[in-house]
Amino acid sequence: DNLLASISHELKTPLNCNIGLLSDGLNNSSLSTEIKNTYFIPVLTSSYLLNYFVCDLLDYAEIRKDTFSLDITEFSLKEMLDEIEFLYTTISSLKGIPLKIEVDPVVPEMIKTDSRRLKQIIINLINNAFKFSNRGTIILLISSEKEEDGLQLRFSIQDQGIGLNDEELNGVYSFLK
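Residues numbered from 1 in each chain as written. Predicted model: local features only at pLDDT ≥ 70, side-chain atom pairs only at ≥ 80, totals over all residues. Heavy atoms only, no water.

A.B. asks: Account for the sheet that holds strand 4 (residues 138-147), with residues named and values stated.
C.D. replies: Ordered by their spatial adjacency, three strands build an open sheet running 2-4-5, and the pairing between neighbours is mixed. Of all the strands in the sheet, the pair left with one neighbour each is strand 2 (99-103) and strand 5 (150-158). Between one strand axis and the next, the sheet turns by 15° as a mean value, whatever way the strands run. Pairing of strand 2 with strand 4, which is carried by five bridges, proceeds in the parallel orientation. Across the sheet, residue Lys100 finds its bridge partner in strand 4, namely Ile139. Its contacts with the sheet put helix 3 (residues 77-87) on strand 2, strand 4 and strand 5, and the angle it makes with strand 2 is roughly 170°. Along the sheet, helix 5 (residues 115-132) contacts strand 2, strand 4 and strand 5; its crossing angle with strand 5, the most-contacted strand, is approximately 25°. (Pairing = 2+ DSSP bridges. Helix = DSSP H or I, 4+ residues; strand = E, 2+ residues; numbered from the N terminus. Axes fitted to C-alpha atoms, helices over the stretch in contact; angles between N-to-C directions. Contact = heavy atoms within 4.5 Å.)

Quick look at the structure:
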């Protein structure tokens, strides 16, 4: 597990460098929109997605060492969903599968949770939807239910993928035991 954490940390430095340089390139007014859309945005998107995967590895290492903790803060759900939608622009276009995000009007814009972990979960759900779908539309649905102590949000995916049977669904988190 220490090896996994070390490798993950070593990957994050060059990844963050790439993300920074590519972001600067997108802000460079001397580059054409075509160059930005053809080269910079797909590579930047891939770098972000790889970075989230590395974060998953770090979380897994923390879980195994029993040092995992959440960072609960208040943030804009709308801003996070806009970032996620941007990340999938290229993949959606290449696969010809639209990504729609539908938010129940009752869901507040500002929510309080671990934004990084929530983003990781949503990205994993969308990644799997794109991986296993060859047609249709992928829809991220955010709904809410009133609870005694506030509002509970529910994030779900609708897609045309192969799905999981009950046995597979029960084994999804067995690796954490």
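Once the structure has been displayed, the description carries forward.
A.B. asks: Give me the lowdown on a negative patch on the surface, citing residues and values where you can.
C.D. replies: Together, Glu145, Glu147, Glu148 and Asp149 give the surface a local cluster of negative charge. By the element assignment, Glu147 lies in strand 4. In this structure Glu147 comes out as partly exposed when scored by relative accessible area, which is 35%. (Patch = residues over 30% accessible without salt bridge, like charges linked within 9 Å, V, L, I, M, F, W, Y side chains within 5 Å. Areas by Shrake-Rupley, 256 points an atom, 1.4 Å probe, with all protein chains shown as cover. Salt bridge = Lys/Arg side-chain N within 4 Å of Asp/Glu carboxyl O. Lys, Arg positive; Asp, Glu negative; His and termini not counted. Charge placed at Lys NZ, Arg CZ, Asp CG, Glu CD. Buried < 20%, exposed > 50% of the residue type's maximum accessible area, 1.4 Å probe, protein only.)

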